[in-house]
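Overview (structure and organization)
This is what each chain is made of:
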Amino acid sequence: MKPIWRCIGWIALACGYTPLPATAQLVTVTPAAPRADDTVTIVFDATLGNAALRDYTGPVYLHTGLITGLPEDPSGWKYVQGEWGKDDKRMRMQAIGHNRYRFRMHIRSFYGLPADEPFLQLAFVFRNQNGSLIARDTGELDVYFPPLAVQRHGPLEKVRGLSAPGIDGLPEVLEDGSLLWRNATHYCRLRVIAPGVLHGYCAPNTVGSMPVSEAITGQITAPVPKIKHLNDGRISLSWGDGYRLEAGPGDMDFVVYRHNRQLLEGAPGVFFHQTDSSVGPVTGLRTYLQPQEHLYGAGGRALSPDRRGYRLYTYNIASRGYVKGEENLSMSLPVVMSSAGYGLFYDSYRRGYLDLGSTEAEVLEAGFKDSVLSWYILLGETPAELVQVYTALTGHQPLPPRWMLGYIQSRTQYPSPEAALQLTRQSVAAGYPVAAVVIHTDGSDAPVSAVPDSVVQALARIRVRTLLTAQPFLAEGSAAYQAADSLGYMTRTTSGQPFLMPDYPGGPAGLLDVFRPEAEAWYWAWYRRQMDLGVAGWVSYAGEPTPHPLRMQHLGGAAESLHNLYGLTWARLLYQQHQATWPDQRWVNLGRAGYAGIQRYGVLPWSGEPSRSWEALQAQPALLLGAGLGGVAYMHTCIGGVTGGPLDEELFVRWMQFGVFNPVMRVHGEADPFKPEPVFYSPATQQYVKKAILLRRTLLPYTYTLAWENSQTGLPFARQMNFYVPEDENLARLEDQYFWGRDLLVVPILQKGQRNRTVYLPAGQWVDWYSGSMYPGQQARMIPVSPDRIPVFVRAGAVLPVDETYSQADNGRMDSLFLHIFPDADGKASGKVYLDDGHTPQPGPAGAYRLIHIETSRKGDQHLLALETSGNGYPDEPNQYVLTLIWHEMDSPPASLRWNGTTLPVTAVVFEPTTRIIRLQITAYPGRKGRLILTQISPNK
């Protein structure tokens, strides 16, 4: 097994530390304050912590590493010992009775710790032979000894509460309407750059202009605000739809209003801190929080959607086997959205923190290890509006190919490409509509996995695409490493030597320096060779990157300063190379880490490597929601969990049912001690899983329309419950249900054995997708839970496009569509469906596509349906669309029916009195309008 990279962050010996008194003797170590040259005795009590090995009668094994605590090198577990999943006799513990086990070792010799590397902590987990039982601390945390009284990200904690020197006095008003504050050392500028955006920038006086942003891509058309000097000496700027900014004589004192309602106030504003040499310069912004304000976003984190009260870090960290409560993961985005009608995007990829009312309950403070700070105040009435403003600045996600919205299989590693082919054939033969399979067979001997073209072609014959894995680490002895090193493409030490990590999984390895422009063509050639064979896309691992020692040097700076930018740079270079090589194809790249704006390079991120546990599943909905607010709409889960945990078929089913409502539906996990693919589960489980995948296929037109909408507006697939009505306090903290687009409400089952589920229905009316029952909104209801599905509700007033004729052979041509019409109380409903060829890139609104708009209304017994189409069509567009209308909430059959002025026979209409549904077919033609008049038989006749 690979090391469990539980990165504990910046623990600096320079800060000093003291052991904490033990609160529970899960592990005792003698001596109690061990040093590197001590021989220690470790005693593990299996009844404590998560108690996974309580009363276990087989052999227990130690899996262990060191935290060395170099101030410049927070790489997590190092010098890992133990061969996972095997009878590693060297790591077998001695049973001493009463659920207790003992192990003795000499620290330096056992781990191979170099003499010049300081020892800080021992790190442990405990397992049975095959690793299906893993004992950790409570909360599924790894065990560290001794526990230390230091903050997890040390040095940045030392600037907490400091804000000096400030900038006092009234600002100068410049010709473009911007405000300029200045003191003896620094200047700050604040200006309106768009109707819904303010931009602030602060730097030392020696810095003449703002650096080029890695995140911002939108065209800035700055409106000139109206300037007014108020009687009390304050300055007022007003613009747009009722927006106003007032600046006073205090320490960068500013307040933002909309229609006289206060949105945001500086507290006191920007601060600078440069007194601690171990930290370096830190620049930040302080703003006040209102009592009922909720804060969302900050990237993909295993936390509740409302992040107020947390202190979070903007430093991408891979956490293997995480569960709910993990604050820092691989996609930490410095953007926060407020229920008060504003957002804050801190455009800094440097190491930083977001204190969301943790230290001071009424203050939001952000700080970054940099001498400059660029930030954007985003303005909008709802989170929906704020996301659109933010993605207009940072870019929209290009459409992936349509097949990427299908069902995908993956595992950590297959024995061989041929084994992956055989298993995929087995899955397809068993009735699973596999759209793609991810093949990972290599370690770090090359930047990409490789497969024979015969395997790619054999998969294509059964209509399955091949995705391969890629990673930026190269093993020291490999030919790829030697070639890259000889060309100067690997990262270096401060003295210019190749930087090797001796504790990398699988042996010493180096890291490709993606910041070297000359390296780009070299590593792209590895990708192109495989894509020339027919490989359809990539899965990019370890882009945080993990590990990333701070002593490592890149072209352009040290590892820490460029850490968060690594994944974005890697993604950008691959995207641009692909666009230049195959401009007529859409790009597929699943990635794990990045920075703000990464969505515009087509990355489809996943939420890291959760454990196989209910606690990990419970974290996934909020991960999707938080990332989506930061523009990263394709965040998705590894269905089933990746590592650890016993076989739990109910967990797998519930995870799969939740996975239906993820932007990417991908099963993934380790193959030991049990395999992740559905064909290896029981017949009953497979029945439930197939039903979930069928629902995914059925909803493809709706989901693909959401993908198109995201490419145009930035709106995510998964949307938190107060996405449209932030003032509804009943919705503010809901974390176990969410909108899928505008029209579906999804209620995952996240508890083992759950047979009833409380659901909060928002304003309006909601229709149970399965039963057709309609419920009024703004209330909580107890819903019975079935093992074969999770609750799904449709908004009354929606027209939901689905495809009941989809097959793997045609990949969803969608010339025969089914439109479910769910009228509201007034008989109104509306919706749209986006259609194209599924693979040609879409260059904006003028691209090759067809968009069908449907709207219904009612007048007495007459139901009217208006259909309009837009777009220029697309290659191989059908010359007509057969539309099956499924009209819900209809109390009687039709008396007459007219479509575009032609009377249709009512005998062709099916009326189902028990479900109150009318079914009929009409034919629509691209580029033409349509009008349907359905007159019902009056219930009184």
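Residues numbered from 1 in each chain as written. Predicted model: local features only at pLDDT ≥ 70, side-chain atom pairs only at ≥ 80, totals over all residues. Heavy atoms only, no water.

1. A few points about the overall build of the protein
Counting secondary structure elements, the protein contains 11 helices and 56 strands. In terms of overall dimensions, the protein is globule-like: its C-alpha atoms have a radius of gyration of 29 Å, near the 30 Å expected for 941 residues. Looking at the protein residue by residue over its 941 residues, the buried ones come to 62%. For the protein, the exposed surface amounts to about 33,400 Å²; the carbon and sulfur share of it is 50%. (Helix = DSSP H or I, 4+ residues; strand = E, 2+ residues; numbered from the N terminus. Rg over C-alpha atoms; globule rule 2.2 N^0.38 Å. Buried < 20%, exposed > 50% of the residue type's maximum accessible area, 1.4 Å probe, protein only. Areas by Shrake-Rupley, 256 points an atom, 1.4 Å probe, with all protein chains shown as cover.)

2. A closer look at the pattern of salt bridges
Under the definition given, this model contains 40 salt bridges. Here D836 ties to R402 by a salt bridge, and the two come within 3.9 Å at their closest N and O atoms. Here D836, found in the loop between strand 48 (829-835) and strand 49 (850-859), pairs with R402, found in the loop between helix 2 (383-394) and strand 27 (407-410); they are 434 residues apart in sequence, far enough to count as distant. For R402, a relative accessible area of 5% gives the class buried. One salt bridge in this structure joins R586 and D836, with 2.8 Å as the shortest N-O distance. Placement of the pair is R586 in the loop between helix 7 (559-581) and strand 35 (589-591) and D836 in the loop between strand 48 and strand 49, with a sequence separation of 250 residues. Residue classification places R586 among the buried residues on the basis of a relative accessible area of 7%. Under the relative-accessibility criterion, D836 is labelled buried at 2%. Connected via shared salt-bridge partners are R234, R244, E246 and D253. (Salt bridge = Lys/Arg side-chain N within 4 Å of Asp/Glu carboxyl O.)

3. Examining the sheet that holds strand 36 (residues 638-639)
One open sheet holds the seven strands; their spatial order is 35-32-29-28-27-37-36, and the pairing between them is parallel. A single partner strand is all that each edge strand has here, and the edge strands are strand 35 and strand 36. As paired elements, strand 28 (residues 434-439) and strand 29 (residues 465-470) share four bridges and run parallel to each other. Counted as the bridge partner of I439 is L468 from strand 29. (Pairing = 2+ DSSP bridges.)

4. Looking at helix 11 (residues 700-713)
If you check helix 11, its first and last C-alpha atoms are 20 Å apart, about what 14 residues at 1.5 Å a residue would give, namely 20 Å. Burial runs high along helix 11: 12 of the 14 residues are buried. Note on helix 11: the residue one or two positions beyond its end, G714, has a positive phi of about 85 degrees. (Expected span 1.5 Å × (residues − 1).)

5. Concerning the confidence of the model for the protein
Averaged over the protein, the pLDDT score is 89; the fraction of residues at 70 or greater is 92%. Scored below 50 in pLDDT, residues 1-23 makes 83 contacts in the model with residues more than four places away or belonging to other chains. Across residues 158-164, confidence stays below pLDDT 50; counting only partners more than four residues off in sequence or on other chains, it has 20 contacts. (pLDDT = per-residue confidence, 0-100. Contact = heavy atoms within 4.5 Å.)

6. A short note on the environment of G58
With respect to the helices and strands, the residue G58 is situated in the loop between strand 2 (39-45) and strand 3 (61-67). Sequence separation between G58 and A622 is 564 residues, and the spatial gap between their C-alpha atoms is 38 Å.

7. Overview of the environment of T493
On the secondary structure map, T493 appears in the loop between helix 5 (479-486) and strand 31 (509-511). Taking C-alpha positions, T493 is 47 Å from L263, a pair spaced 230 residues apart along the chain. Residues within four places of T493 in sequence aside, it is in contact with P498, F499 and Q553.

8. Looking at the packing of helix 3 (residues 417-429) against helix 4 (residues 453-461)
Direction vectors running N to C along helix 3 and helix 4 enclose 10 degrees, while the axes themselves pass 10 Å from each other. Taken together, the axes of helix 3 and helix 4 are roughly parallel relative to one another. Here helix 3 contributes P417, E418, L421, T424 and R425 to the contact with helix 4, which in turn contributes V455, A458 and L459. The class makeup of the residues in the contact of helix 3 with helix 4 is five nonpolar, one polar and two charged. (Axes fitted to C-alpha atoms, helices over the stretch in contact; angles between N-to-C directions. Parallel < 35°, antiparallel > 145°, perpendicular 65-115°, else oblique. Nonpolar A, V, L, I, M, F, W, Y, C, P; charged D, E, K, R; others polar.)

9. So, the packing of aromatic side chains
Counted under the stated rule, the structure contains 35 aromatic pairs. For the pair Y407 and Y432, a centre-to-centre distance of 6.4 Å together with 40 degrees between the ring planes defines the contact as tilted. Linking Y407 in strand 27 with Y432 in the loop between helix 3 and strand 28, this pair joins segments that are 25 residues apart in sequence. Its relative accessible area of 2% is what places Y407 among the buried residues. Taken together through their ring pairs, the aromatic side chains of W524, Y527, W538, W582 and W587 make up a single cluster. (Phe/Tyr/Trp six-rings, centres within 6.5 Å; stacked < 30°, edge-to-face > 60°.)

10. What about unusual backbone geometry?
A negative phi angle characterises most non-glycine residues, just as the trans form characterises most peptide bonds. At the junction of T30 and P31, the peptide bond is cis and its omega measures out at 5 degrees in the coordinates. Tracing the chain through its elements places P31 in the loop between strand 1 (27-30) and strand 2. Cis geometry is adopted by the peptide bond preceding P146, which originates at F145 and carries an omega value of -5 degrees. Residues other than glycine seldom take positive phi values, yet A298 does so here, at roughly 70 degrees.

11. Topic: the environment of I462
Note on placement: I462 falls in the loop between helix 4 and strand 29. Given a relative accessible area of 24%, I462 falls into the partly exposed group. Sequence-wise, I462 and I220 are 242 residues apart; in three dimensions their C-alpha atoms are separated by 48 Å.

12. Examining the nonpolar core
If you look at the biggest cluster of nonpolar residues, it comprises 202 residues, and the most contacted ones within it are Y523, M656, F661 and W740. The element that contributes the greatest number of residues to this core is helix 7, accounting for 10 residues. The contacts of W740, once residues within four sequence positions are left out, are F661, N662, P663, R696, Y702, T703, L706, F717, A718 and V746. (Core = buried A, V, L, I, M, F, W, Y, C linked by side-chain atoms within 4.5 Å.)

13. Considerations on the state of the cysteines
The full count for this structure, using the stated rule, is one disulfide. Here C188 pairs with C202 through a disulfide, and the sulfurs are 2.1 Å apart. An S-S torsion of about 125 degrees defines the bridge between C188 and C202 as right-handed. With C188 in strand 12 (residues 186-194) and C202 in strand 13 (residues 197-204), this residue pair connects regions lying 14 residues apart in the sequence. In this pair, the class of C188 matches that of C202, namely buried. (Disulfide = S-S within 2.5 Å.)

14. Side note on helix 7
Taking 1.5 Å per residue, 23 residues should reach 33 Å; helix 7 reaches 31 Å between its end C-alpha atoms and fits that length. Maximum bend of helix 7: about 50 degrees, positioned at L565. Taken across its 23 residues, helix 7 has 18 buried, putting it largely inside the fold. (Bend = angle between axes of the 7 residues up to and from the residue.)

15. Section: the side chain of S374
Looking at the secondary structure, you find S374 in strand 26 (residues 373-379). Within the local environment of S374, its side chain forms a polar contact with the side chain of H199, the two groups lying 2.8 Å apart. Beyond its immediate chain neighbours, meaning those up to four positions away, S374 contacts H199, G200, Y201, M210, F345, Y346 and D347. (Polar contact = N/O pair within 3.5 Å; in protein donor to acceptor, adjacent residues only side chain to side chain.)

16. A short note on the pairing of strand 23 (residues 342-346)
Of all five residues in strand 23, five are buried, a share of seventy percent or more. Covered by surrounding structure in strand 23 are Y342, L344 and Y346 together with G343 and F345, the residues of both alternating faces. As paired elements, strand 22 (residues 331-338) and strand 23 share three bridges and run antiparallel to each other. Within strand 23, the residue paired with V335 across the bridge is F345. Between the end of strand 22 and the start of strand 23, which pair antiparallel, lie three residues, with G341 showing a positive phi angle near 105 degrees. Bridge analysis of strand 23 against strand 26 gives five bridges, and the strand direction is antiparallel. Bridge pairing in strand 26 links L344 to I377.

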